[in-house]
Amino acid sequence: MILGLGHLEATRIGTTLVAAFLASLVECVEALTVVLAVGSVRGWRSALTGAATAFVVLAGIVAAIGPLLMRIPLHGLTRIPFHMVQLVVGAMILLFGMRWLRKAILRWSGLIAMHDEEAAFVRSAEAIREAEASIAQLPNGTHSLDKFAFSAAFNITMLEGTEVVFVVIAFGAGGAGLLLPASLGAVSALLVVAAAGFALHRPLARVPENKLKFMVGVLLSAFGTFWVGEGMGAVWAGSDLAILWLMAAYLVVALCLVPLCRSRPATVEG
Amino acid sequence: MRWIKSIVRELYGLFVDDGSFAGAIAAWLILCVVVMSRVAAGARWAGPVLFAGLALILIQSVLRFARRHTK
């Protein structure tokens, strides 16, 4: 027993928290890279206001929709059988996770280029400078917001933030009481990335994003397979602990595929 | 409104990168649900069979990509 929880329940909550944290961390790093690029080129005030506005809008949408979702009875007295929820959510997570895993294998085998936040930062900053040169400048007094910086930071934060919300909902829908650990994982990721970005004022190139994506792909694929299996009535050996052997199995498959593809001469594409 | 379109496009892109890969996964899941829920409900081998099919789809897709890009 761990803090009064059974081992199986602790495993489920722990893996949900870690998976939501890692998946959200990747999205937050991507958003931070663009916000930092915009801020460093066009000014911090507009970029941070854009990101903060998007965050407030997103929080408002979640606050408005969240209680409605909570009213949908997914367990017990429900019209939607829970195994249907597991099937649909599992299938979505599986599509999401296997796409990441496939891409991660292709990256590690050198068939497509590795994601590089430092390079993405430079590219974003260059694009902003080019846009700055070609677009007629809007009046930009000391007290007015730079619309370009505001909208760029707003868009990327909304975009990546929506993905984080999806991740939380998907993991939270996997069972009773999982929404809280999934939300905690996402909020922790946001806090870690925000703190690191504030401290460094640089893209988080040290975050091993490619390794993270590899691991998140493995985690999501394992979760998705488990839930689809549960939804279709399969009995897993070891019950919830089957998630762990599924993770190990996906990891082995992925690690075997990398050298297999690497042995071929690569034509790297982005 | 452009950001809503971007979000919709991005959300679609979350699930579908390579169409045939996503299609194969969807087809395998549908087959498993239809067949196994009738034939193998409660069976211990249903889960490993589900995983094996998904792993094969992943292997086939990655190797096909590798073949195409190394010719």
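Residues numbered from 1 in each chain as written. Chains lettered and ligands numbered in written order. Predicted model: local features only at pLDDT ≥ 70, side-chain atom pairs only at ≥ 80, totals over all residues. Heavy atoms only, no water.

## Side note on the pattern of salt bridges
Scanning all chains against the criterion turns up two salt bridges over all chains. For Arg102 of chain A, the salt bridge goes to Asp18 of chain B, with nearest N and O atoms at 3.0 Å. Of the two residues, Arg102 of chain A is situated in helix H3 (residues 82-108) and Asp18 of chain B in the loop between helix H1 (2-15) and helix H2 (19-39); the pairing between them involves two chains. Note on Arg102 of chain A: relative accessible area 5%, which makes it buried. Between Arg64 of chain B and Asp18 of chain B there is a salt bridge, and its shortest N-O distance comes to 3.8 Å. With a gap of 46 residues between them, Arg64 of chain B in helix H3 (residues 46-68) and Asp18 of chain B in the loop between H1 and H2 connect regions that are remote in the sequence. A single salt-bridge network, built from bridges that share partners, covers Arg102 of chain A together with Asp18 and Arg64 of chain B. (Salt bridge = Lys/Arg side-chain N within 4 Å of Asp/Glu carboxyl O. Helix = DSSP H or I, 4+ residues; strand = E, 2+ residues; numbered from the N terminus. Buried < 20%, exposed > 50% of the residue type's maximum accessible area, 1.4 Å probe, protein only.)

## Here we look at the nonpolar core
Within the largest apolar cluster, 79 residues are counted, with the highest numbers of intra-cluster contacts made by Ile105, Phe171 and Tyr250 of chain A together with Leu58 of chain B. Of all the secondary-structure elements, those providing two or more residues to this core are helix H1 (7-42), H3, helix H5 (147-172), helix H6 (179-200), helix H7 (209-231) and helix H8 (242-262) of chain A together with H2 and H3 of chain B. When residues of this core are assigned to their parent elements, the largest contribution, 13 residues, is made by H3 of chain A. If we ignore the near neighbours within four places in the chain, the residues touching Leu58 of chain B are Met98, Leu101, Arg102, Ile105, Val253 and Leu257 of chain A together with Phe21 of chain B. Grouped together as the second largest cluster of nonpolar side chains are nine residues, Val35, Ala51, Ala149 and Ala153 of chain A included. (Core = buried A, V, L, I, M, F, W, Y, C linked by side-chain atoms within 4.5 Å. Contact = heavy atoms within 4.5 Å.)

## A short note on the confidence of the model for chain A
Residues and elements named next belong to chain A. Averaged over all residues, the pLDDT of chain A is 77; the fraction at 70 or higher stands at 73%. The least confident element of chain A is helix H4 (residues 117-134), whose mean pLDDT is 67; the most confident is H8, at 91. Across residues 138-142 the pLDDT falls below 50, and counting only partners more than four positions away or on other chains, this stretch makes five contacts in the model. (pLDDT = per-residue confidence, 0-100.)

## A word on the packing of H2 of chain B against H3 of chain B
All names here are of chain B. For the pair H2 and H3, interaxial distance at closest approach is 10 Å and the crossing angle is 165 degrees. Judged by the inter-axis angle, H2 sits roughly antiparallel to H3. The interaxial crossing formed by H2 with H3 has right-handed handedness. Here Ser20, Phe21, Ala24, Ile25, Trp28, Leu29, Cys32 and Met36 of H2 come into contact with H3, specifically with Ala46, Val49, Leu50, Gly53, Leu54, Ile57, Leu58, Ser61 and Arg64. Its residues assigned to classes, the contact of H2 with H3 shows 13 nonpolar, three polar and one charged. (Axes fitted to C-alpha atoms, helices over the stretch in contact; angles between N-to-C directions. Parallel < 35°, antiparallel > 145°, perpendicular 65-115°, else oblique. Left-handed = near helix turned anticlockwise from the far one by under 90°. Nonpolar A, V, L, I, M, F, W, Y, C, P; charged D, E, K, R; others polar.)

## Remarks on the environment of Val167 of chain A
The topology assignment puts Val167 of chain A in helix H5. Sequence separation between Val167 of chain A and Phe21 of chain A is 146 residues, and the spatial gap between their C-alpha atoms is 9.5 Å.

## Brief notes about the confidence of the model for chain B
All names here are of chain B. Summing up the model confidence of chain B, the mean pLDDT is 84 and the portion of residues at 70 or higher is 85%. By mean pLDDT, the top-scoring element of chain B is H3 (93), and the lowest-scoring one is H1 (70). For this predicted complex, the interface confidence reaches an ipTM of 0.85, while the overall pTM sits at 0.68.

## Things to note about the interface of chain B and chain A
The interface is formed by 40 residues belonging to chain B together with 46 residues belonging to chain A. The contact between chain B and chain A buries some 3,900 Å² in all, and 77% of this surface belongs to carbon and sulfur atoms. One can count one salt bridge joining chain B with chain A. Counting every contact that joins chain B to chain A gives two residue pairs in polar contact (both at pLDDT 80 or more). Secondary-structure elements contributing two or more residues to the side of chain B that touches chain A are H1, H2 and H3 of chain B. Of all the elements, H3 of chain B adds the most residues to the side of chain B that touches chain A, at 15 residues. Looking at the side of chain B that touches chain A residue by residue, the classes come out as 27 nonpolar, eight polar and five charged. (Buried area = accessible area lost by both parts, 1.4 Å probe. Polar contact = N/O pair within 3.5 Å; in protein donor to acceptor, adjacent residues only side chain to side chain.)

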